Amino acid sequence: MALVTVALATSCTYETRDLRVSLPTTAQSSFIYDAEGGLITSFRGEQHRRDLETIDEVPRILQDAVVAIEDERFWEHQGVDVRALLRAARSNIAVDGVLQGGSTITQQYVGRAFLDRTEITASRKIAEIALALQLERAYTKDFILLQYLNTVNFGEGAYGVLTAAKEYFDKELDELTLAEAALLAGLIQAPSARNPYENRTSAIQRRGAVLERMLANDWISEREFEQARTEPLRLAPRVATLDETYEYGYFVEEVRQWILDDPRFGATPDERVRLLFEGGLHIHTTLVPRVQRAAESALRTILPWEGGPSAAIVVIRNDTGHVEAMVGGRDFFGAAPSARFNLATQGGRQAGSGFKPFVLAAALEQGIQMSALYPAPSKIELPIPGLTETWEVSNFSVTGGGGLMTLREALVRSINTVFAQLMEDVTPAAGVAMAERLGVASPLAPVLAAVLGSEDVTVLDMAAGYSTFARRGIYIAPTMVTRVTRLDGTVLYEHEPNSARVLDSRISDEMTDAMAEVVEAGTGRRAAVEGRSVAGKTGTAENYVDAGFTGYTPQYTTAVWVGFPDAQIPMEPPTTERDVTGGSYPAEIFQLVMSAIHEGLATEPFAASPPTTTTTQYPPVVEVPSVIDLPLEEATARIEEAYLDVRVSEVVRPEAAAGTVVRQIPPAGELASGGSAMIVEVAVEPPATPVETEDVDSPAEPPSGPDLPESADRQPATDGDEPQPSVDAGIQGGAGEGGVGRDQP
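Not measured: the values here are computed from a predicted model.

Thresholds applied
- Residues numbered from 1 in each chain as written.
- Predicted model: local features only at pLDDT ≥ 70, side-chain atom pairs only at ≥ 80, totals over all residues.
- Heavy atoms only, no water.
- Helix = DSSP H or I, 4+ residues; strand = E, 2+ residues; numbered from the N terminus.
- Buried < 20%, exposed > 50% of the residue type's maximum accessible area, 1.4 Å probe, protein only.
- Contact = heavy atoms within 4.5 Å.
- Areas by Shrake-Rupley, 256 points an atom, 1.4 Å probe, with all protein chains shown as cover.
- Pairing = 2+ DSSP bridges.
- Axes fitted to C-alpha atoms, helices over the stretch in contact; angles between N-to-C directions.
- Parallel < 35°, antiparallel > 145°, perpendicular 65-115°, else oblique.
- Nonpolar A, V, L, I, M, F, W, Y, C, P; charged D, E, K, R; others polar.
- Lys, Arg positive; Asp, Glu negative; His and termini not counted.
- Salt bridge = Lys/Arg side-chain N within 4 Å of Asp/Glu carboxyl O.
- Polar contact = N/O pair within 3.5 Å; in protein donor to acceptor, adjacent residues only side chain to side chain.

**Overview of the overall build of the protein**
Phase 1 of the analysis: The secondary structure content of the protein amounts to 21 helices and 26 strands.
Phase 2 of the analysis: Counting every position in the protein, which comprises 745 residues, the buried fraction comes to 56%.
Phase 3 of the analysis: Within the protein, counting contacts between residues at least 6 apart in sequence, those at least 24 apart form 73% of the total.
Phase 4 of the analysis: Element-wise, carbon and sulfur atoms account for 51% of the exposed surface of the protein, whose accessible area totals about 31300 Å².

Here it is as structure tokens:
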């Protein structure tokens, strides 16, 4: 009794503290969204939470349930319930005078938010009372109850009622029944002891006690009481954090690792881990669900056999560099030891003849013409500078060889012996440097065999490099995240689209024109998409251990790799039903993906290629105009007046007027070749507020697309795509004389 009197008296003179309520310090889950604003999943540690903005978001039955069992005079007292304190004092006389119990909701909140939670002393109780009285003078009851409901621990790592409803019942708050609201309220005092997953009987008994207090306060009727107390307890399946599954596993994991590796999100690994799993981040990505599902469906359609080869797929939107889809294997959550190894970004595999366009682009830049004639024998031995050994190169049996052949024809037919000679003329250093300029980020050794794809590159590398061809020589780094914000809206990261011209548009157009013939009449015929302009190149590694196809339309670039994920196993009978080359399964997967994602898109042709003569007329150099903040129609007119092409990308920017340009690539004032592309980002209305999907385990619906080709159509074709030799330690690139092709016109 004396302690109660002292506490109340002291509160009048207690030293004033700054009680401005800020966001709680308990862990906040981070959320990852697709490009359309849909919630994909959350990143959470042992604690996870989602906060409410207003008390109106909490149903009345849940408010009443919590108040009834925790502080039924909450709406009447001024922060301290004297009656409750006196009752608690009488029951604690025998415990060394320590005052416990009797805390109001306000006291519980200030004790958790402002005081040491491990201290249980009379002085702490006095401080709690004083702070509670001060808080009630500064804030409304609604605000205090909201803070309490956002921060209270419900067990299972769930903090706050919003997270608790999802954790125990997989429901939003407005979907809770009276019985479910009462069960959640009953967990507050002892979330572990009354955990319904582990102590179902105790949880139901406590639920009944909550309902009795609600009935006693006339907050529910007798009929509601009887119905709720006998309602069966139906809990959501209990899923451990490490066992949670969700859609788009490979893409999500790549984003997660990107944040954990980037010092912009924390100076140390530990800081980045805490930020991601407890910092309440909102991570907005470039993933487009219909594009991602098209890629996943194509893999399942062409490679339906478990235990057979797998595939990796990357889809990049050309005008923005956004990675709209990434498939790193059959099933990220599968049982195989390699299931979570991302075949699209990790390790890298041989690109085979898919590397040839990079070397050919370097040759064109050095002045070698696409029409240059080279000997094309079926086999050839070339000296290795500095060594006595020779490099033996042969063509695929179907392509044959003999006589002279232009570089264009050699690309279309994928003639290895011609490109081996070309690599000598260009020099390995120049060929590898061109690949790096165009977008290949994997480390490359400057060796002769690199032209035939001996160097390991990732599927993302191939997509990045070929998308530069699609942009007529403009490189934009592929990106998977557009924006990262804190819970309060603070922007931690915002993607700044940067572009750089790395290849003359004339050369890029020549490459596109030649690779379009690869698809029309060469090794990539199975990649053709009806009614679309498609360019690309096949690639097959030695002994059929890797096969790929990378290609593009004016709108999208897609790279596909096929192989065994655990080892370099030859894909030939009897291991597979056929010899797997880049022109078979990879091209077929490419065709399905691109057919699906181009449905409804306008048909666009490639830019016309300039004539390949020694007197090529270069386009004029123009100054890039400024179109920021202009309406799209006016911006388009200004760009076209400067003899530049317009590419439009829509982005959500709530702060900008819809229909106005918020970014441009290249920036105003830079010089560009006439006829090259200028990308503008136009603001659009933000989508509706996303909600969590109710069933993250549901399988993705495959998109509609062309039927699976009949088996007769999937027999080995004359792909003309030579399996490439692995790099020999002695095949080092020497200092050849670049700039002059054999039999150059």
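**A look at the sheet that holds strand 25 (residues 677-684)**
Phase 1 of the analysis: An order of 22-25-23 is seen for the three strands of this open sheet, with the pairing classed as mixed. Of all the strands in the sheet, the pair left with one neighbour each is strand 22 (645-652) and strand 23 (661-665). Direction aside, neighbouring strands of the sheet carry axes that sit 25 degrees apart on average.
Phase 2 of the analysis: The pairing of strand 22 with strand 25 spans eight bridges and is parallel. For V646, the partnering residue across the bridge sits in strand 25 and is M678.
Phase 3 of the analysis: Here helix 21 (residues 632-641) sits on the sheet and contacts strand 22, strand 23 and strand 25; the angle it forms with strand 22, its principal contact strand, is near 150 degrees.

**Examining the packing of helix 14 (residues 356-365) against helix 17 (residues 428-438)**
Phase 1 of the analysis: For the pair helix 14 and helix 17, the least separation of the axes is 8 Å and the interaxial angle reads 105 degrees. It follows from the interaxial angle that helix 14 and helix 17 lie roughly perpendicular. The segment helix 14 lies against helix 17, with F358, V359, A361, A362 and E365 engaging A430, G431, M434, A435, R437 and L438.
Phase 2 of the analysis: Looking at the contact of helix 14 with helix 17, its residues break down into eight nonpolar, one polar and two charged.

**Considering helix 8 (residues 178-187)**
Phase 1 of the analysis: Helix 8 sits mainly inside the fold: ten of its ten residues count as buried.
Phase 2 of the analysis: Every buried residue of helix 8 is accounted for by L178, A179, E180, A181, A182, L183, L184, A185, G186 and L187.

**Looking at the side chain of R207**
Phase 1 of the analysis: If you trace the backbone, R207 turns up in helix 9 (residues 200-216).
Phase 2 of the analysis: Comment: no salt bridge for buried R207; closest opposite-charge side chain is E231, at 5.2 Å.
Phase 3 of the analysis: Looking at R207, its side chain comes within polar contact range of the main-chain oxygen of E231, at 3.1 Å.
Phase 4 of the analysis: Leaving out residues up to four positions away in the same chain, R207 has contacts with A179, A182, L183, A228, R229, T230 and E231.

**Some points on the pairing of strand 10 (residues 379-383)**
On a regular strand, one side chain projects to one face of the sheet and the next to the other, so that they alternate.
Phase 1 of the analysis: Burial along strand 10 is one-sided: the residues I380 and L382 are buried and none of K379, E381 and P383 is.
Phase 2 of the analysis: Bridge count between strand 10 and strand 11 (residues 390-394): five bridges; the pairing is antiparallel. Its bridge partner being in strand 11, L382 is matched across the sheet by W391.
Phase 3 of the analysis: The turn linking strand 10 back onto strand 11 is made up of six residues, and G386 within it adopts a positive phi angle of 85 degrees.

**Brief notes about the sheet that holds strand 1 (residues 30-33)**
Phase 1 of the analysis: The five strands lie next to each other as 2-1-5-15-16, forming an open sheet whose pairing is mixed. The open sheet has two edge strands with one neighbour each: strand 2 (39-43) and strand 16 (491-494). Going from strand to strand, the sheet's axes swing by 15 degrees on average, the running direction of each strand aside.
Phase 2 of the analysis: In this structure, strand 5 (residues 282-285) lies alongside strand 15 (residues 481-485), joined through four bridges in antiparallel fashion. Counterpart to T285 in the pairing with strand 15 is V481.

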